[in-house]
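# Observations on the model geometry
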Amino acid sequence: MLVSSIMSVLFSLVLGVCLFALPVRSQTPQEEPVPGPDSHETGQGPHGHLFGDWGGERTRLLERGVKFDFQYVSDSLWNLKSEQKERFASWNRFRGTLDIDLGTLIGQQGWYFHATALWQGGGNLGVYLGLLTSPSGMSSANTCRLDSWWIEKRWLDERITARVGQFAGQDFYGAQHYAASFIFEPMGYALGNLFTDLESFDPPSTPAMEIRVAPSHNIYVKSMVLAAVRSPFSQNPTGLVPQFNGTPMSVSEIGFTPGKKASSMRAFDNVESRKGYSGLYQFGASYNPAKFTAPMSATSRSRNYLLYWMASQALWRMDPKEAKGLDATFACDWSPPSINRTTRC
């Protein structure tokens with residue numbers, strides 16, 4: 001009850017700060033709120049959408065600040081040789097995403113709204129094979145739900161950004177910057193050890209709030225408070241009503257972005273936007289004050305945390321203005337061995 005009250009108060013406080021903040025006009029027009037991985041599960045490509053511009057309706061809505069997208073993605077996998085019998089598994093996901101620029105729509109400059117919902121289901125080959133990491137970065141649980149939503153406010157040409165709503169920590173902290181180039185987990189989503197301290201993931205996102213600051217051209221600092229729960233799919237089956245339960249945990253990150261403006265850097269890149277010799281170097285930490293039980297022990301210990309280091313860098317380009325070439329990525333994390341016994345690079 002106390003945790004629920006604390007989360008409710010913090011959530012309401014940050015929402016109030018966003019809603020009543022003094023408007024500061026940005027010097028450059030913005031197109032969309034800070035996107036999550038739902039914006040990058042598949043690139044739009046050079047030919048646009050399958051059904052085109054809907055008779056110009058997409059363009060008309062975009063001119064008014066409303067952008068929407070429907071996509072279908074499938075991972076179809078087959079274990080050709082293993083201890084288990086051969087099995088074909090197909091994981092399917094339908095997702096709808098809505099982004100609204102409230103400055104263009106109603107004149108509230110620097111305000112944005114984002115929401116995404118999905119249906120997903122199918123065969124999870126990783127569970128069938130008993131693997132530590134899934135060969136599909138999408139597979140989790142069969143569900144139909146509102147994944148995430150948030151209200152966002154930006155100040156000083158995106159140097160300061162605050163948002164509040166329902167979104168996942170792993171969508172923005174410890175996320176693989178080049179995830180669009182891989183299909184298997186964790187390369188296709190986020191560091192696997194982030195689950196050890198219950199950092200939230202999508203689609204069962206939880207109530208959260210975040211502030212991001214870019215003090216210089218190539219450096220950003222951001223921090224987030226979220227509700228950490230042990231059974232996220234069951235505690236809020238539909239995602240429609242925020243559930244303030246679990247434990248408030250924090251996640252923070254500092255990043256260096258050579259070749260790109262820090263305020264425009266997103267957690268998930270895609271091949272279409274990966275142009276030039278840009279890079280991203282990150283150090284982050286997640287902390288959960290709840291009680292955890294160590295492996296091979298029935299004794300509960302308070303708090304758990306994880307540190308991570310990540311680097312993504314373009315090494316060579318056929319054309320410096322394009323994305324074709326060679327990229328490198330590296331990640332390493334550490335958490336207390338007394339509880340987790342896990343270190344992974």
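Report on the accompanying structure. Only a predicted model underlies this, so the values are computations on that prediction, with no experimental measurement involved.

## A look at the pattern of salt bridges
In the structure shown here, the tally under the stated rule is twelve salt bridges. Between E210 and R163 there is a salt bridge whose closest N-O contact spans 2.7 Å. Taken together, the residues E210 in strand β6 (residues 206–216) and R163 in strand β5 (residues 160–167) connect sequence positions 47 residues apart. When its relative accessible area of 8% is taken as the criterion, E210 is described as buried. A salt bridge links D269 to R274; its shortest N-O distance comes to 3.5 Å. For the pair formed by D269 and R274, the shared burial category is buried.

## A few points about unusual backbone geometry
At the junction of E185 and P186, the peptide bond is cis and its omega measures out at 10 degrees in the coordinates. Residue position: P186 is located in the loop between β5 and β6. Note the cis peptide between D202 and P203, where omega equals 10 degrees. With respect to the helices, strands and loops of the structure, P203 is situated in the loop between β5 and β6. If you check the backbone angles, D157 has positive phi at about 55 degrees while not being a glycine. Examined against the element boundaries, D157 turns out to sit in the loop between β4 (143–155) and β5. Phi is positive for L198, close to 70 degrees, though the residue is something other than glycine.

## A few points about the side chain of T257
Along the polypeptide, T257 turns up in the loop between β8 (247–256) and β9 (279–293). Contacts of T257, omitting those with residues within four sequence positions, involve H217, N218, Y220, A262, M265, G279 and L280.

## Observations concerning the nonpolar core
Formed by 27 residues in total, the largest nonpolar core has its most connected members in L226 and Y308. Those elements that provide at least two residues to this core are β7 (219–228), β8, β9 and β10 (300–317). Not counting residues within four places of it along the chain, the set of residues in contact with Y308 comprises Y173, G174, L191, L194, S252, E253, Q282, F283, G284, A285, C332 and D333. Listed in part, the seven residues of the second largest apolar core include I100, W111, A115 and I151.

Parameters at a glance
- Residues numbered from 1 in each chain as written.
- Predicted model: local features only at pLDDT ≥ 70, side-chain atom pairs only at ≥ 80, totals over all residues.
- Heavy atoms only, no water.
- Salt bridge = Lys/Arg side-chain N within 4 Å of Asp/Glu carboxyl O.
- Helix = DSSP H or I, 4+ residues; strand = E, 2+ residues; numbered from the N terminus.
- Buried < 20%, exposed > 50% of the residue type's maximum accessible area, 1.4 Å probe, protein only.
- Contact = heavy atoms within 4.5 Å.
- Core = buried A, V, L, I, M, F, W, Y, C linked by side-chain atoms within 4.5 Å.

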